[in-house]
Amino acid sequence: MKYISTRGDAPHLTFEEAMLTGLALDGGLYVPESVPTLGQGEIAALAGAPYEEIAYRVMAPFVGDCFTEDELRGAIARAYEGFGHDARAPLVQLGPNHFLLELFHGPTLAFKDFAMQIIGQLFQIALKRRGERVTIVGATSGDTGSAAIEAFRGLDNVDVMILYPHGRVSEVQRRQMSTPVEANVHALALDGDFDDCQAAVKDMFADVAFRDEVGLAAVNSINWARVLAQVVYYFSSALSLGAPERAVSFTVPTGNFGDIFAGYIAKRMGLPIAKLVVATNRNDILHRTLETGRYQKEGVSPTISPSMDIQVSSNFERALFDAYGRDGAAVAQLMAELKSAGGFPVSQGAIEVLREVYASGRASEEETSATITAMRARTGEVLCPHSAVGVKVAEELLGAEPMITLATAHPAKFPDAVEAATGLRPPLPSRMSDLYDRPERITRVPNDLSEIERVIREMRRT
Ligand SMILES: *Cc1c(COP(=O)(O)O)cnc(C)c1O
């Protein structure tokens, strides 16, 4: 199994190389050269299997011979053993034909744990075998950073430095980054906003001498291994509702398009999915694109579902690549136009392909809040604001097939928005109820590249 770039002009890599590299040299994103399929009989045989078994069957064909069966099974087992629910991704029913897929039982209470936990394990195996060490540096507005710190804490061959904007993440998010005691993980509070954090990371990667000195690596949302790990719960949940005999639809609260693109891969693998619904908050570039055929940047406006506050959606490039018949040169052209003109028209042929697969909808702040209130009253389920965006959009598009809406975070991660909607402050799960009592360890850094690099050099283990 080889991986190719969406811009058509980078070396073809193995799964392991694509995972360790992240972004392709031509600026594109890695995708598998072809999508392996599972026969209807093979899918049916997974009904009732543990999540880990489904994960192995779904991921193995993409991994190829980069990891042995024992290595991959071991990595999967360690990745999910700390989850707070035996089903890993349990389904609950919201209405006659509407189900909620709870993806928030991992260690940082958001769906990003599903991918980050397994990436941590696979990085460790690959780096140990190569006799290499890396320093993972990332910028976060909250969820990605805590998931990365949680996934890599205590691993021998990796140091992790996460930059977050000082004073601008929720207290739960900050504590999840600042309370792990292992010496290889560090939360860096930068004096600036999220864009300053991202710019600092970008500048570090551009500083070739520093990059080589510390072995800089990234695990951001464009990493193919993250997308792959997320394909698994589309299978597990659809199987619970009668797939492959019965088709299902999914609604996905969407930001960078990684999670919903995993659903598209599940469909390509042979899982019968009727519709994949993109749910956005008022930062609605994806919904507008599917409606109008034009992909156009606008400023970001902050919402109560901050993990979906994006201006452009990085993984959408993967969807465009397929919609344009895997023409890398055409995609490179669109991305150049995005950079120079802030947007581009999607061709008639490509938009038709996209509309075949994806539907979309948008929820306003008021609708999101009202959905949290109404769902608690009608079902007892307390939604986080991201999941509420999904539920609101899904309810407008319910059809003949069962609808599964992805619940991307635990309500306790966004207690203010939930309390405003329900009058109730959602408690943390008991296994982490001492989060507010654990000592914090935070390194303050100025918005100054050479100073940040100095701190990282000093803190990394050699
Ligand atoms: C990251 C995130 C999203 C958006 O996921 P994408 O893969 O970027 O589309 C939605 N909800 C929550 C809680 C998140 O952390």
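Note that the structure is a prediction, hence the values are computed from the model and not measured.

Chemist: Can you help me understand the site of the ligand in this one?
Modeler: Taken together, 15 residues are adjacent to the ligand, and Lys 112, Asp 143, Gly 255, Asn 256 and Thr 408 come closest. Contact between the ligand and Asp 143: an oxygen atom at 2.7 Å from a side-chain N or O atom of the residue. Note that an oxygen atom of the ligand is positioned 2.7 Å from one of the backbone N or O atoms of Asn 256. Relative to its free-state accessible area of 380 Å², the ligand is covered by the protein chains to the extent of 95%. Of the residues that constitute the shell around the ligand, the class distribution is 5 nonpolar, 7 polar and 3 charged.

Chemist: Sorry, what's going on with the nonpolar core here?
Modeler: Soluble globular proteins tend to bury their nonpolar side chains together. With 119 residues, the main nonpolar core has Phe 15 and Tyr 358 as its most contacted residues. Broken down by element, the residue count for this core peaks at 12 residues, all from helix H10 (residues 224-240). Beyond its immediate chain neighbours, meaning those up to four positions away, Tyr 358 contacts Phe 257, Ile 260, Phe 261, Tyr 264, Lys 275, Leu 276, Val 278, Leu 290 and Ala 319. Within the second largest apolar cluster, 17 residues are counted, among which are Val 137, Met 161, Leu 190 and Met 459.

Chemist: Mind showing me how you'd approach the pairing of strand S7 (residues 185-190) here?
Modeler: Look at any regular strand and the pattern is simple: side chains alternate between the two faces of the sheet. Counting buried positions along S7 gives 6 out of 6 residues, so the element sits mostly inside the fold. The two faces of S7 match: Val 185, Ala 187 and Ala 189 on one face and His 186, Leu 188 and Leu 190 on the other face are all buried. With 6 bridges connecting them, strand S6 (residues 158-165) and S7 associate as parallel partners. What sits directly across from Tyr 164, in S7, is Ala 189.

Chemist: How should I be thinking about unusual backbone geometry in this particular structure?
Modeler: One can expect most non-glycine residues to show negative phi and most peptide bonds to be in trans. The amide bond that connects Ala 243 to the next residue, Pro 244, takes the cis arrangement and shows omega of 5°. With respect to the helices, strands and loops of the structure, Pro 244 is situated in the loop between H10 and strand S9 (248-253).

Chemist: Please clarify how the environment of Met 375 should be interpreted in this entry.
Modeler: By secondary structure assignment, the location of Met 375 is in helix H16 (residues 365-379). Sequence spacing of Met 375 and Val 391 is 16 residues, and the spatial spacing of their C-alpha atoms is 8.9 Å. Excluding residues that lie within four positions of it along the chain, Met 375 makes contacts with Leu 94, Gly 380, Glu 381, Leu 383, Val 391 and Glu 395.

Chemist: Is there a simple way to think about the packing of aromatic side chains in this case?
Modeler: To describe a pair of aromatic rings, you give the distance between the ring centres and the angle between the ring planes. Under the criterion given, the structure shown has 19 aromatic pairs. Ring centres 5.2 Å apart and planes at 40° place the aromatic pair Phe 261 and Tyr 264 in the tilted group. Taken together, the positions of Phe 261 and Tyr 264, both in helix H11 (residues 258-269) and 3 residues apart, correspond to about one turn of that helix. One exposure class covers both Phe 261 and Tyr 264, and it is buried. Here a set of aromatic residues connected by ring pairs shows up, and it is made of Tyr 51, Tyr 80, Phe 83, Phe 114, Tyr 233, Tyr 234 and Phe 250. If you follow Arg 73 out to its NZ or CZ, it ends over the ring of Tyr 56, 4.0 Å from the centre.

Chemist: Explain the pairing of strand S5 (residues 134-139) to me, please; I cannot follow it from the model alone.
Modeler: The element S5 is extensively covered by neighbouring structure, given that 5 of its 6 residues are classed as buried. Both S5 and S6 contribute to a ladder of 6 bridges, which runs parallel. Its bridge partner being in S6, Thr 135 is matched across the sheet by Asp 159. Of the crossover connections in this fold, the one passing from S5 over helix H6 (residues 143-152) to the parallel S6 is right-handed. Of the pairings in the sheet, the one linking S5 to strand S8 (residues 216-217) comprises 2 bridges and is parallel in character. Among the inter-strand pairings, Thr 135 is bridged to a residue of S8, identified as Leu 216.

Chemist: Would you explain the sheet that holds S9 in this entry?
Modeler: Either a parallel or an antiparallel arrangement is found when strands of a sheet pair, and the pairing is made through backbone hydrogen bonds. Pairing is mixed in the open sheet, where 6 strands are placed in the order S3-S4-S14-S9-S10-S13. This sheet does not close on itself; its edge strands, each paired only once, are strand S3 (91-95) and strand S13 (358-362). Taking the axes of each pair of neighbouring strands and ignoring which way they run, one obtains an average angle of 25° across the sheet. In terms of strand pairing, strand S10 (residues 273-280) meets S13 through 5 bridges, oriented parallel. Each residue of the ladder has a partner; that of Val 277, found in S13, is Ala 359. On the sheet, H10 packs against S3, strand S4 (98-102), S9, S10 and strand S14 (403-407) and is oriented at approximately 135° with respect to S9.

The rules behind each value
- Residues numbered from 1 in each chain as written.
- Predicted model: local features only at pLDDT ≥ 70, side-chain atom pairs only at ≥ 80, totals over all residues.
- Heavy atoms only, no water.
- Near = heavy atom within 4 Å.
- Polar contact = N/O pair within 3.5 Å; in protein donor to acceptor, adjacent residues only side chain to side chain.
- Areas by Shrake-Rupley, 256 points an atom, 1.4 Å probe, with all protein chains shown as cover.
- Nonpolar A, V, L, I, M, F, W, Y, C, P; charged D, E, K, R; others polar.
- Core = buried A, V, L, I, M, F, W, Y, C linked by side-chain atoms within 4.5 Å.
- Buried < 20%, exposed > 50% of the residue type's maximum accessible area, 1.4 Å probe, protein only.
- Helix = DSSP H or I, 4+ residues; strand = E, 2+ residues; numbered from the N terminus.
- Contact = heavy atoms within 4.5 Å.
- Pairing = 2+ DSSP bridges.
- Phe/Tyr/Trp six-rings, centres within 6.5 Å; stacked < 30°, edge-to-face > 60°.
- Lys NZ or Arg CZ within 6 Å of the ring centre and 35° of its normal.
- Right-handed = clockwise from strand over helix to strand, strands pointing away.
- Axes fitted to C-alpha atoms, helices over the stretch in contact; angles between N-to-C directions.

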